[in-house]
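Descriptive analysis of the structure
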Amino acid sequence: MGSFGTVLLVASRSLRYRLSGVLLTIASVALSVFVLLGVEHVRQEARTGFASTVSGVDLIVGARTGEINLLLLSIFRIGTATANVSWESVEQLEQQKNVVWTVPISLGDSHRSFRVIGTTEAFFTRYKYGAKQSITFQQGQSFEAVAEVVLGARVATELGYQLGDSLVLSHGMADTSFSHHDQLPFSVSGILAATGTPIDNALFVGLEAIEAMHSDGESEDHRGHNDHDEHDEHDGHDEHEEHEDHDAHEDHDGHEDHDAHEVHDEHHAGHDHPPIGTVTAVLVGLNSPITTLQVKRWVDEFADEALLAILPGVALTQLWELVGNVEAILLGISILILVSSLLGLNAMLLASMRERRREIEVLRSIGAPSSFIVSLLMIESLLIVSVGVVLAVLSLLASITAANTLFAETFGLMISSQILSPSNITALGLIYLTAILVTLLPALQAYRVSRAVGTAAAAD
Amino acid sequence: MLIVTPSDSIAAAISLDRLAFRYPGDQMPVLEIPAWRVERNEHVFLQGASGSGKSTLLSLLAGLSVPTAGGLQILGDDIANMSTRQRDRFRGANLGVVFQQFNLIPYLSALDNVLLAARFGSAGMSGSRQRAATLLERVNLPLALHQRAASALSIGQQQRVAIVRALINTPSLLLVDEPTSALDHANRDAFLALLFEVLADQNCAMVFVSHDPGLGASFDTQVKIDELNHAVAVN
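Residue positions are given per chain, counting from 1 as you read along its sequence in written order. Written order decides the labels, with chains lettered from A and ligands numbered from 1. For this predicted model, a pLDDT threshold of at least 70 governs which residues receive local features, and a threshold of 80 or more governs which side-chain atom pairs are given and counted, while totals over whole chains, interfaces and linings are taken from all residues.

Think of it this way: any DSSP run of H or I at least four residues long counts as a helix, any run of E at least two long counts as a strand, and we number them from the N terminus. Across its full length, chain B holds 8 helices and 9 strands. With 235 residues in all, chain B has 46% of them scored as buried. We call two residues in contact whenever the C-beta atoms placed from their backbones are within 7 Å. Sequence separation of 24 or more characterises 77% of the internal contacts of chain B that already satisfy a separation of 6 or more. Any residue whose C-beta has 12 or fewer other C-beta atoms within 10 Å is treated as exposed, any with 20 or more as buried, and any in between as partly exposed, C-beta atoms being built from the backbone.

If you want it as structure tokens, here you go:
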């Protein structure tokens, strides 16, 4: 048995002898390490989760405003648009080379506090979240007719809507809006699977539907159009139009497609082209990330309208830095909790020094050097900290598993169980370092006692 | 009874030469011993009232403290001039110490207490387990109690384990400080008888300190600390 083995054996027996006090100390250490690791883990998860609120979108284009404003508006749907993007600009943007797709977003309406978003069907295939995960339908499918709506997961569960239910959308965010669009009931065509992003809290309708709501009572024309819209024939038109347009542009560099436009205009006789006068923002997909800045500059320097293009990742990071102070405070508090529990460990060891004076005398009388006594004390506290850390890690893993089974279905949130991230390992290292530092005081005390054994014994 | 054979070839168990000890901060020394010698295998009874400095002397002999002045040789080694670590090793290997009470680590079993001493002594761990068990049997500690925590043993049992613990490394000098003060009369006599019985086949000198002159009868030599110590008693 080596020297270390001896210390370890004696230390573990000693801890078992003082079990109740030791268990309390272990519990306090475990709890504080649990809080610290938990906060740190959730902090990182929140950051990555936040950063992946939207992915697969290269640029977000909106009327010129602050970058974070545009992000809040287009992704989190917080605030109201001070200016919009005209449909002409959207079309010009779409014609830009390097632009592969655009998904317009128009918002402003709400349904029982949940925001209604006008967009195109492409939204459901283009918009990605997390690690490029697509939006999936839990039930049903995308809206096809004007009077159809797709519900975010949370909207469906909270308001208890089923597929095929009909609901009324009102104007503005307030629940008690006076201007209910009673004339236009929407039927639920699809319910999205939970994503853990703001998508869960939104209702999606076609751009035309937003337009129809805003201009209700304006003309009989629309009513007629709506009826017409519901025909499959019409949808055929829409698709046809989009494709042809696109091809024409690319092939002929915007010369001959003029004719095509005129043909369409005639065909649709003044209703849904443009489907809406203005949109709030446009999500843009590019052919290559290298061209991002190029397109951004084109948008920022766009002459006809004051526009702004933001990179969602960059803007999300900026926004996170604004919110980040809160997590720093949280982290600070958990560090304080840890320090207080380590001080508790220190206090327990110091208090036990009085009764251990005899023990140290005995150890010295059988030839144990002071270093043995000091390391005995240090090993004891490190054992307490280690058991506490192991308990904390295990209970954190258990909590994450429990939370995941609880939240995954409701909120679509999955917390990673990879709690031993580099920063958490650093945290553990720091915990041990602090524990050692905190133990130095009782260890020093033990050293003094052990050196004074001869004189102290003789003093009585 | 052992025959004491003073021999010039073998150094004395204890040899003091003009030894003085003063506590740090004190003006007057508590111990001043011009000369004292304990031969190998000699069993000395050192009698003195409490406060007479006998515990201080014992801690000097054990190398737990060092004299302020003078020579102190234990088993021929000048332990006063050793480093602390050297003294720890020397103590572990050559000396056995038995206190009045609290001789054992309370949370270790009787056997482990003995084995821990072996760990710091010169005895190898392999043989010492067997030797410890044999010695524990010799002091009438039944096998069933060997694994019992020291705190769960009676005072008498603890003191008997302490003898074994002190003897496990076959020391050449046994220092015993009032080991019977916590025992009743019958247990005290039994303890002393046992101590001499166990020591009979060991080549080991002993200094037995007590305030009770009645215990001294069976020792080779009886010394009064007041005769040794020339320091003026402060109290």
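A word on the overall build of chain A. When helices and strands are tallied, chain A shows 15 helices and 14 strands. Within the span of chain A, comprising 460 residues, buried residues form 38% of the whole.

A few words on the interface of chain B and chain A. At the interface, 28 residues of chain B touch 22 residues of chain A. At the level of elements, helix H1 (54–61), helix H2 (84–94) and helix H3 (110–120) of chain B are the ones that each hand at least two residues to the side of chain B that touches chain A. Ranked by the residues each element gives to the side of chain B that touches chain A, the list is headed by H2(B), at 6 residues. Just so you know the grouping, Ala, Val, Leu, Ile, Met, Phe, Trp, Tyr, Cys and Pro go in nonpolar, Asp, Glu, Lys and Arg go in charged, and all remaining residues, Gly too, go in polar. Of the residues assigned to the side of chain B that touches chain A, the class counts are 15 nonpolar, 7 polar and 6 charged.

What follows concerns the environment of A:Leu15. Residues and elements named next belong to chain A. Along the chain, the position of Leu15 falls in helix H1 (residues 3–17). Overall, the presence of 21 C-beta atoms within 10 Å leaves Leu15 in the buried class. The spacing of Leu15 and Glu380 is 365 residues in sequence and 6.9 Å in space, taken between C-alpha atoms.

Let us now look at the pairing of strand E1 (residues 14–21) of chain B. Residues and elements named next belong to chain B. When DSSP finds at least two bridges between two strands, those strands are taken to pair. In the sheet, E1 pairs with strand E4 (residues 69–74) via 5 bridges, with the strands oriented antiparallel. From the neighbouring strand, Ser15 faces E4, where its bridge partner is Gln73. Where E1 meets strand E2 (residues 31–38), 7 bridges bridge the pair, whose relative direction is antiparallel. Each residue of the ladder has a partner; that of Phe21, found in E2, is Leu31.

On to the confidence of the model for chain B, then. Residues and elements named next belong to chain B. Every residue gets a pLDDT, meaning the predictor's confidence in that residue, from 0 to 100. Mean pLDDT over chain B: 86, with 92% of residues reaching 70 or higher. Mean pLDDT in chain B bottoms out at helix H4 (residues 125–138), which sits at 83, and peaks at strand E3 (residues 43–47), which reaches 93. When the criterion is pLDDT under 50, residues 1–8 qualifies, and its contacts beyond four places in sequence or with other chains add up to 6 contacts.

The term nonpolar core refers to a set of buried Ala, Val, Leu, Ile, Met, Phe, Trp, Tyr and Cys residues connected through C-beta atoms within 7 Å. Counting 106 residues, the largest nonpolar core has A:Val33, B:Val114, B:Val161, B:Leu175 and B:Val207 as the members making the most contacts within it. When residues of this core are assigned to their parent elements, the largest contribution, 13 residues, is made by helix H13 (residues 370–411) of chain A. When near neighbours in sequence (up to four residues on either side) are disregarded, B:Leu175 contacts B:Leu58, B:Leu61, B:Ala62, B:Leu95, B:Val97 and B:Val207. Within the second largest apolar cluster, 63 residues are counted, among which are A:Val90, A:Val150, A:Ala153 and A:Ala202.

A separate point is the sheet that holds E4(B). Residues and elements named next belong to chain B. Taken in spatial order, the 4 strands make up an open sheet running E2-E1-E4-E5, and their pairing is antiparallel. Of all strands in the sheet, those bounded by a partner on one side alone are E2 and strand E5 (77–78). Packed on one face of the sheet, H1 meets E1, E2 and E4 and runs near 120° to E1. What counts as an axis is a line fitted to C-alpha atoms, over the stretch in contact for a helix, and the angles between N-to-C directions run from 0 to 180 degrees.

Now for the packing of helix H12 (residues 312–365) of chain A against helix H14 (residues 422–451) of chain A. All names here are of chain A. In the contact formed by H12 and H14, the axes pass within 9 Å of each other and the chain directions differ by 25°. Comparing the axis directions of H12 and H14 gives the class roughly parallel. Pair H12 / H14 crosses with right-handed handedness. Between H12 and H14, the residues in contact are Leu338, Val339, Leu342, Leu343, Leu345, Asn346, Leu349, Leu350, Met353, Arg357, Ile360 and Arg364 and Ile431, Thr434, Ala435, Val438, Thr439, Leu441, Pro442, Gln445, Ala446, Val449 and Ser450, respectively. Its residues assigned to classes, the contact of H12 with H14 shows 16 nonpolar, 5 polar and 2 charged. For classification purposes, angles smaller than 35 degrees are called roughly parallel, those larger than 145 roughly antiparallel, those between 65 and 115 roughly perpendicular, and all remaining angles oblique. Crossing handedness is read from the near helix: turned anticlockwise from the far helix by less than a right angle, it gives a left-handed crossing, and turned clockwise, a right-handed one.

This brings us to the pairing of strand E7 (residues 173–177) of chain B. Residue and element names in this part refer to chain B. With 5 of 5 residues buried, E7 lies mostly within the body of the structure. Alternating positions in E7 separate into two faces, Leu173, Leu175 and Asp177 on one and Leu174 and Val176 on the other, with burial throughout. Note that strand E6 (residues 95–98) and E7 share 4 bridges and pair parallel. Bridging from a neighbouring strand, Leu95 pairs with Leu173 of E7. Where E7 lies against strand E8 (residues 205–210), 5 bridges are found, and the strand directions are parallel.

Once that is clear, we can look at the sheet that holds strand E9 (residues 221–224) of chain B. Residue and element names in this part refer to chain B. If you walk across this open sheet you meet the 5 strands as E6-E7-E8-E3-E9, and the pairing is parallel. Edge positions in the open sheet fall to E6 and E9, since each of these has one partner strand only. Neighbour to neighbour, the strand axes of the sheet diverge by 15° on average, direction disregarded. Where E3 meets E8, 5 bridges bridge the pair, whose relative direction is parallel. Bridge pairing in E8 links Val44 to Val207. Packed on one face of the sheet, helix H6 (residues 155–167) meets E6 and E7 and runs near 165° to E6.

Residue and element names in this part refer to chain A. The interhelical angle for the contact between helix H2 (residues 19–51) and H14, taken along N-to-C directions, is 155°, at an axis separation of 10 Å. With respect to their mutual orientation, H2 and H14 come out roughly antiparallel. The hand of the H2/H14 crossing is right-handed. For the pair H2 and H14, the contacting residues are Val33, Leu36, Leu37, Glu40, His41 and Gln44 in the first and Ser423, Asn424, Ala427 and Ile431 in the second.

For an α-helix, 3.6 residues make a turn, and residues three or four places apart therefore share a direction. Listed as buried for helix H3 (residues 67–76) of chain A are A:Leu70, A:Leu71, A:Leu73, A:Ser74 and A:Ile75. Once H3(A) ends, the next one or two residues include A:Arg77, with phi positive near 55°.

On to the environment of A:Glu327. Residue and element names in this part refer to chain A. Turning to its location among the elements, Glu327 is positioned in helix H12. On the basis of neighbour counts, which here come to 17 C-beta atoms within 10 Å, the residue Glu327 falls in the partly exposed class. Distance in space between the C-alpha atoms of Glu327 and Ala46 is 9.8 Å, their sequence separation being 281 residues.

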